[in-house]
Amino acid sequence: MTSSVGTEGQTGGQPLGQQAEFLSEKMSEVRLEISKAIVGQTEVVDGVLIALLAGGHVLLEGAPGLGKTMLVRTLAQAVALKYSRIQFTPDLMPADVIGTSVVQENGDGRKSLGFQPGPIFTNLLLADEINRATPKTQSALLEAMQEKQVTVAHTSHLLEEPFFVMATQNPLEMEGTYPLPEAQLDRFLFKLRVPYPGREDLHDILDRTTQGNPAVVSPVVNGTQILEMRKIVRTVPVAPHVQEHVVKLTMATHPENRENLLASKYIRYGSSPRGAQTLILGGKVRALLDGRYNVSMEDIGALMLPALRHRIILNFEAQADGRTPDDLLEEIAGKVCAKQK
Amino acid sequence: MLLREKIKSLVPGQFSGRGCFSALRNKWLQICSEVRTQPHANKFVLARTFDQRACSPELHGLIETLKTIRKRILANTLLRGWTRWFVWMLVGLIAVATVSAKLAGALLFIAGMAAIGAAAILVWTWRNRPSNYETARRLDAAAGMQDRLPTAVYLCGVEHPDGMIDEQRKDTLARLKKLDPRGFFPVQLPGNMKRASVLVLVVAGLFAYRVHHRPPLLSLLQTTARSQLVQSIFSPIVHAMEKDLQRTMALVNMKPNATGDETRRADAASNTEDLWKANDDKGADAQEQKDSADAGAGDQPQDSLQAPGSQEGTPTGEARQQDSNSQSQQGKSGSENADSKSQQQSEQQGPEGRQSLGQSLMQALKNMMSNSPSQQSNNRANQQPPNGQGTPQSGNSQQPGATESDKRGDSRGNSDAKQKATQTASEGAGSQQGSKELRKDQETHPVNAVPDRVALEASGFKEQTRMKIATETGTAQLAVRDQSSRQDAVINGAEQENIPARYRFYVQRYFEHADNGKH
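Every chain is numbered independently, its residues counted from 1 as its sequence is written. As a convention, the first chain written is A and the first ligand written is 1, with the rest following in written order. Reporting of local features is limited, given that this is a predicted model, to residues whose pLDDT is at least 70; pairs of side-chain atoms are given and counted only at 80 or more, and all residues count toward the totals for whole chains, interfaces and linings. Each side-chain value is worked out from all heavy atoms of the structure, with water and hydrogens disregarded.

1. Describing the overall build of chain A
Okay, so step 1: Segments assigned H or I by DSSP are reported as helices when at least four residues long, segments assigned E as strands when at least two residues long, and all are numbered from the N terminus. Along the backbone of chain A there are 14 helices and eleven strands.
Okay, so step 2: We call a residue buried when its accessible area falls under 20% of the maximum for its residue type, exposed when it is over 50%, and partly exposed in between, using a 1.4 Å probe and counting protein chains only. Within the span of chain A, comprising 341 residues, buried residues form 53% of the whole.
Okay, so step 3: Nonlocal contacts in chain A, meaning residues at least 24 apart in sequence, comprise 75% of its contacts between residues at least 6 apart.
Okay, so step 4: Surface accessibility in these figures is a Shrake-Rupley result with a 1.4 Å probe; residues are shielded only by whichever protein chains are displayed. Roughly 15600 Å² of accessible area belongs to chain A as shown, and the carbon and sulfur atoms make up 53% of that amount. Here, two residues are considered to be in contact whenever any of their heavy atoms come within 4.5 Å of each other.

2. Things to note about a nonpolar patch on the surface
Okay, so step 1: A residue counts toward a patch only above 30% relative accessible area and without a salt bridge, and it is joined to like-charged neighbours within 9 Å or, for Val, Leu, Ile, Met, Phe, Trp and Tyr, to nonpolar neighbours within 5 Å. What counts as a salt bridge is simple: a side-chain nitrogen of Lys or Arg found within 4 Å of a carboxyl oxygen of Asp or Glu. On the surface, a cluster of nonpolar side chains totalling about 590 Å² of accessible area is made up of L229, I233, F234, I237, V238 and M241 of chain B.
Okay, so step 2: Mapped onto the fold, V238 of chain B is located in helix α12 (residues 228-258).

3. Quick notes on the interface of chain A and chain B
Okay, so step 1: Chain A puts 24 residues into the contact, and the matching count from chain B is 18 residues.
Okay, so step 2: By buried area we mean the combined loss of accessible area, with a 1.4 Å probe, across both parts when two parts are placed together. Between chain A and chain B, a total of about 1700 Å² is buried, with carbon and sulfur atoms accounting for 60% of that surface.
Okay, so step 3: On the chain A side of the contact with chain B, P240, H241 and Y293 of chain A bury the most area, a combined 35% of that side's loss.
Okay, so step 4: Inspection of the region where chain A meets chain B yields zero salt bridges.
Okay, so step 5: We define a polar contact as two N or O atoms separated by no more than 3.5 Å, with the added condition that, inside protein, one atom must be a possible hydrogen donor and the other a possible acceptor, whereas residues neighbouring each other in sequence contribute only through side-chain atom pairs. Our enumeration of links across chain A and chain B arrives at seven residue pairs in polar contact (both at pLDDT 80 or more).
Okay, so step 6: Looking at the side of chain A that touches chain B, the elements that each hand over two or more residues are α1 (16-37), α9 (240-252) and α12 (297-308) of chain A.
Okay, so step 7: A per-element tally of the side of chain A that touches chain B places α9 of chain A first, with four residues.
Okay, so step 8: Gly falls in the polar group here, along with every residue not listed as nonpolar (Ala, Val, Leu, Ile, Met, Phe, Trp, Tyr, Cys, Pro) or charged (Asp, Glu, Lys, Arg). Split by residue class, the side of chain A that touches chain B holds 13 nonpolar, seven polar and four charged.

4. Looking at the side chain of T177 of chain A
Okay, so step 1: Take T177 of chain A: it is sitting in the loop between β8 (164-169) and α6 (182-186).
Okay, so step 2: Those residues within four positions of T177 of chain A in sequence are excluded, and the remaining contacts are N131 and R132 of chain A.

5. Structural notes on the sheet that holds strand β5 (residues 124-128) of chain A
Either a parallel or an antiparallel arrangement is found when strands of a sheet pair, and the pairing is made through backbone hydrogen bonds.
All names here are of chain A.
Okay, so step 1: In short, DSSP must find at least two bridges between two strands for them to pair. Strand order in this open sheet of five strands is β2-β5-β8-β1-β9, and the pairing throughout is parallel. In this open sheet, the two strands that pair with only one neighbour each are β2 (83-87) and β9 (190-193). Put simply, the sheet's adjacent strands are angled 20 degrees from each other on average, direction ignored. Each axis is a line fitted through C-alpha atoms, taken for helices only over the stretch in contact, and angles between the N-to-C directions span 0 to 180 degrees.

6. Observations regarding the packing of aromatic side chains
Okay, so step 1: Working definition: rings of Phe, Tyr and Trp (its six-membered ring) pair if their centres are within 6.5 Å, and the pair is stacked with planes under 30 degrees apart, edge-to-face with planes over 60 apart, and tilted otherwise. A full pass over the atoms with the stated rule returns two aromatic pairs over all chains.
Okay, so step 2: Relative to F121 of chain A, the ring of F115 of chain A lies with its centre 5.6 Å away and its plane at 70 degrees, an arrangement referred to as edge-to-face.
Okay, so step 3: Look at Y510 of chain B and F511 of chain B: their rings are 5.4 Å apart centre to centre, the planes differ by 55 degrees, and that puts the pair in the tilted class. F511 of chain B carries the same exposure label as Y510 of chain B, and that label is buried.

Here it is, written out as structure tokens:
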């Protein structure tokens, strides 16, 4: 297979169109590799790949046993990235995540304080059951997720690119958990819901996991190529009416917007500008993965729920009425589309 | 004035033409600057901006295609708008031709409206014409190109594109070649063209009809109004409304009329000549009913009750008949006098003094209500208990009529019809009104004029006054003495305290006459 983006991460002066095609092909291969271990869950896999190429982080929410951890591990193998896993527990301390300064002895026998990096110094971090750690430990991820660096003892340490956090949380066992603060939720590009597999998928899972050897996932792309792909993604043009739609959609989630009675009734806080950025950036990646060179309204519609569902905070009335962020967002999007037409 | 105030607010100082012009110019510039600073808020301005930009040569074909499609969209929009307006004009024409007798002015007006509307639609359509960008969006949505076209049009100003824009443009043009863009927007007839065609035919037929005929709707309404079906539907309603009106007027005027004097009643009676004709008819009907009712008068005890209850005790039927004869004669003489009075007054008033039927009805109603004590006493015989215990009767001419009603057609009976007849024919007993039968009675049994009213001081009369009211409302029934009626009678009896003295005199004479007959 010829690649316009070299294995060393060089573009090689290839036209951008070819690079875009290469990106699309490579991601198809990654999907194929992941599908060796993960049955179904195509939307989740696509969401994870889009977030990876857009440079964001993903929060996976699903019941235990649905393959969240398996998905992250398989992805790490398919993209040939360094992978580490942190099991979040209530007694987990920030130093356990980001590292700490320890006394080290050099060759001269002199002792000095040296930084011992934590498991966060990796390319692909799996924060398993992130909502079980205390807010103090959860906040240790804030700087790493946004600035791609950690600060220990007044010294900032840059994280290696690409840095990609995939956190999981269990929506069922809420006892003994610490819900993620809004600031940290906002730092996740997508919040993906891992659904229960269907009948056929469950048969396939049983066949794969109870017979023969486990699937072997081979690496398809590396970190450098992913970084090049991220640059390509940002060159995709967006038509003004698509961008206008994104702006209207984001503004429509705000309760201050008097035009939208639904938001003022049920939403306490609307989406941040990160929501709009996510929609545009995710739309660009989705367009490239779809073989297009422009963002369409369809891309925005497809990414609306994973991009905005964790960025709006419902009020008590919404909880009393049994409204969820998903159905509210769908109603809001329907109204915005109707107004534009 | 409003404009002047606005301009003054913009340009303080003297109002002048130059200041006005500068103010408007400043306002226009302000609006334009606002539009420019918020291009995303105004899609039309945004789109026009794209149209004015220079386009890359390789996209000229796309732009030409979009212009062709835009013309088709404009043509379709115009056709749709005009057809819709034309349909409304045709509906207006149909309405005018159906109702109006003169068509020339209406036709000119509608023709003018059609022309103005068509011009307005043309201007409005051109003003809101889609831009190239908007056309590209429509074509993209129709062809399912996932926003490739508008993105390419948006980026058409880049003359030497590289990288992703070039790829996007190539991709768009490559996909556009596989399509027939003009096929998505054919010039087609509007959906309501069939409706308009049918309306044109209807209008043509209607105008052809109108050449020799009157407006069809008016003719239809007149024919319908004359039809028996409509009359049969509406006449009961009209009658019911009249009755309600009469009752309302009676309730309103009951108390004032109870204290009214005779002069007023006489004046009113002069205006009721038309009523008398109707009452004559009613009296005839009542006579027929009375005939049938009196056929078994000797057998039924209730008939004996209809006869004027003589004085206390239980008089025989013959005695009652005699009494009633004398009463009726006296009553008729009274009514004759009243009738002659009213005739004289009406003659004095002449044709100018005649009122309309409605006014006459109202006046007659007032008179009837003012004479209600006498009428109420008419029903007393009906409401008396079967034991026949008589109570002193008023000098009403109808009680005698109970025995001699076969010939005289005295209006009194058990049914409502009889009671109605009683209300009309029997009023001559004490009031200025009278009936033909009463006049006949007077001719055959001349008696002296008697007062209109008598004093009804006995509690039984008051009680029956209440009963009369009950029967007037159409609930023909035998009298049932109960506690409530007595209480009501006591209340209503207050009205009878103002009975003129001549009635009292009449009753006294009546009783004297009855006693003499007995002895």
